[in-house]
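Overview (structure and organization)
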Amino acid sequence: MNRSILIVICDFLLVSLLIFSSPDANINNATEDKKAAQPVLATNQVDTATENGKDLAAAMRLALTEEQKNREQLMAELERAQNAAKERASQIQSVQQELESREQQARQLQEQQALLEQKFAAAQTNLQSLGRKLQSASTEASLTKEQLAAMQLAAQKKSDEAAALQKQLAELAQSNRMVLNEKQQLASRLQVAEVEKQHAAEQAARMAEEVKTERAEKAKLAEGVKALASKSGQLAQEIRENRPLAPNAIFSEFAANRVQARITASRSGIFGNEATRSKDAGTILVSDGTNTYALCHVQDTPLALWNPGTDWESLTGTLQHGSAHVDVKSLSFHFHDPRLVWIPLSAADVQALGCKVYKLSADPYKFQDAVLIGARDGYYGECRFQIDLSAPEYVRLDNSFLKGLFGKFNPSPGDLVFSKTGELLGVMMNGTYCIKLGNFDPGATIRFGNNVASQRTGDLLSALYTQVAQLPPKLQ
């Protein structure tokens, strides 16, 4: 082999070593995430202390308030547990992303290590080949000292590059081990985060179950309070309905709500003069649950039941309570006993008068005693009524039990009878019998105005007189 060929071969080997050398690899170290603090749930137990009191409804409402506070605390703790679970899930996702990044770096380092090992093996092979060629060349031909020195220098460079590659390979292996250690640490942290996430989810589920239980208990407690309040209201109403009032209290209420009725009737006289008749009466307003009426006895009006009856041409009237007054529009007669008359009122009339509207007694026989009030004379007293089977529409005054409390106590037609609970029981039709009030079905009605001649009041009053005359003598 000649010298020019040997020089070409050495240059080729040198160029090959330079081509297979690799640049330095930059490795970034991963940073650790901040550790998440495990949420600590604090459960507060609220001892509900109930006071000894007469009002059980107030105690139950207090218990409901305490349960509401406990529920709000549980809801706040549930929200904190859910927020902790969300934060733990976010941390787990971050750790997983970092772990994937580390795995990608490890794969890149392994690829670089494999590439460097290939380059190092190729450099070793080239170096050995170059040594063999050098040895062969030294034996085959006699080289000059300059060529030999050049070849030795080239061989030294190749050896230095191989050492540098070996050092770089060692550093890459060390970096790879560090990446593997970090990967193991991240895997451990991921496992811990998964356990903490599961624990937080269990706590959130447990808190949700506790809140659900608290809501159910609260609903039951609310239903109990409602039932108790309803029963308390019913009990209070029953107590009021069954608690007897003093006659003084009943009369005082009557005096404050008494309505003064004034009715005027007129007609033409025999010699062309106008004949006028007026009557005043004290009465009250009473309701059957739908409509409102002002009650009185027919003898407290100018419409006398007689035969022959009077043909009135004009009828006017007013109801007055305090400074308020309304006009009377009509007058109705009871279908069973026409001596009881009433004046229908509208809702606007009742509001204008502004006085109490009495209720009818739902059970007239609840109390044996009653309170009788003279609507005209202002006397009142406690009396006793008895059932008369022969007159089911009436109750009979027991004259052997009369206890006058104020004024001249002498029961007479038109007196009002109240139950001991302050409800209206009926109106006295004579000195002994009181008609019970149950409904307001009219037997006849007269419309008021300046022209009532067409209603033939004379015939109507005569027919009503005949109806009263047909009642048993004890009721007349």
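The notes below deal with the structure included here.

Turning our eyes to something else, we now look at the sheet that holds strand β7 (residues 330–334). With respect to topology, 6 strands assemble into an open sheet ordered β9-β3-β4-β8-β7-β16, the strand pairing being mixed. Because the sheet does not close on itself, it has two edges, and the strands there are β9 (357–359) and β16 (442–447). Going from strand to strand, the sheet's axes swing by 40° on average, the running direction of each strand aside. Two elements, β7 and strand β8 (residues 340–345), share 2 bridges in a ladder whose sense is antiparallel. Its bridge partner being in β8, F333 is matched across the sheet by V341.

So, about the sheet that holds strand β6 (residues 324–327). Taken in spatial order, the 4 strands line up as β2-β1-β5-β6 in an open sheet, and their pairing is antiparallel. The open sheet has two edge strands, β2 (274–283) and β6, and neither has a second partner. With direction set aside, neighbouring strand axes in the sheet form an average angle of 20°. Where strand β5 (residues 314–321) meets β6, 4 bridges bridge the pair, whose relative direction is antiparallel.

At the junction of N307 and P308, the peptide bond is cis and its omega measures out at 5° in the coordinates. Structurally, P308 is set in the loop between β4 (292–297) and β5.

Relative to the assigned elements, I343 resides in strand β8. Its relative accessible area of 1% is what places I343 among the buried residues. The sequence separation of I343 and G317 amounts to 26 residues, and the corresponding C-alpha distance is 10.0 Å. If we skip the residues at most four places from it in the chain, I343 touches I263, T292, Y293, A294, L319, V328, S330 and L331.

What follows deals with the pattern of salt bridges. On inspection of all chains with the given rule, the structure shows 8 salt bridges. One salt bridge connects K356 with E253, and the closest N-O pair in it is separated by 2.8 Å. Residue K356 is located in the loop between α5 (347–353) and β9, and its partner E253 is located in helix α4 (residues 247–257); the two are separated by 103 residues in the primary sequence. In this structure, the salt-bridge partner of D349 is K329, at a minimum N-O distance of 3.4 Å. Taken together, the residues span a long stretch of sequence, with D349 in helix α5 and K329 in the loop between β6 and β7 at a distance of 20 residues.

What counts, and where the lines are drawn
- Residues numbered from 1 in each chain as written.
- Predicted model: local features only at pLDDT ≥ 70, side-chain atom pairs only at ≥ 80, totals over all residues.
- Heavy atoms only, no water.
- Pairing = 2+ DSSP bridges.
- Helix = DSSP H or I, 4+ residues; strand = E, 2+ residues; numbered from the N terminus.
- Axes fitted to C-alpha atoms, helices over the stretch in contact; angles between N-to-C directions.
- Buried < 20%, exposed > 50% of the residue type's maximum accessible area, 1.4 Å probe, protein only.
- Contact = heavy atoms within 4.5 Å.
- Salt bridge = Lys/Arg side-chain N within 4 Å of Asp/Glu carboxyl O.

Honestly, that's just the spatial picture; any functional story needs more than this.
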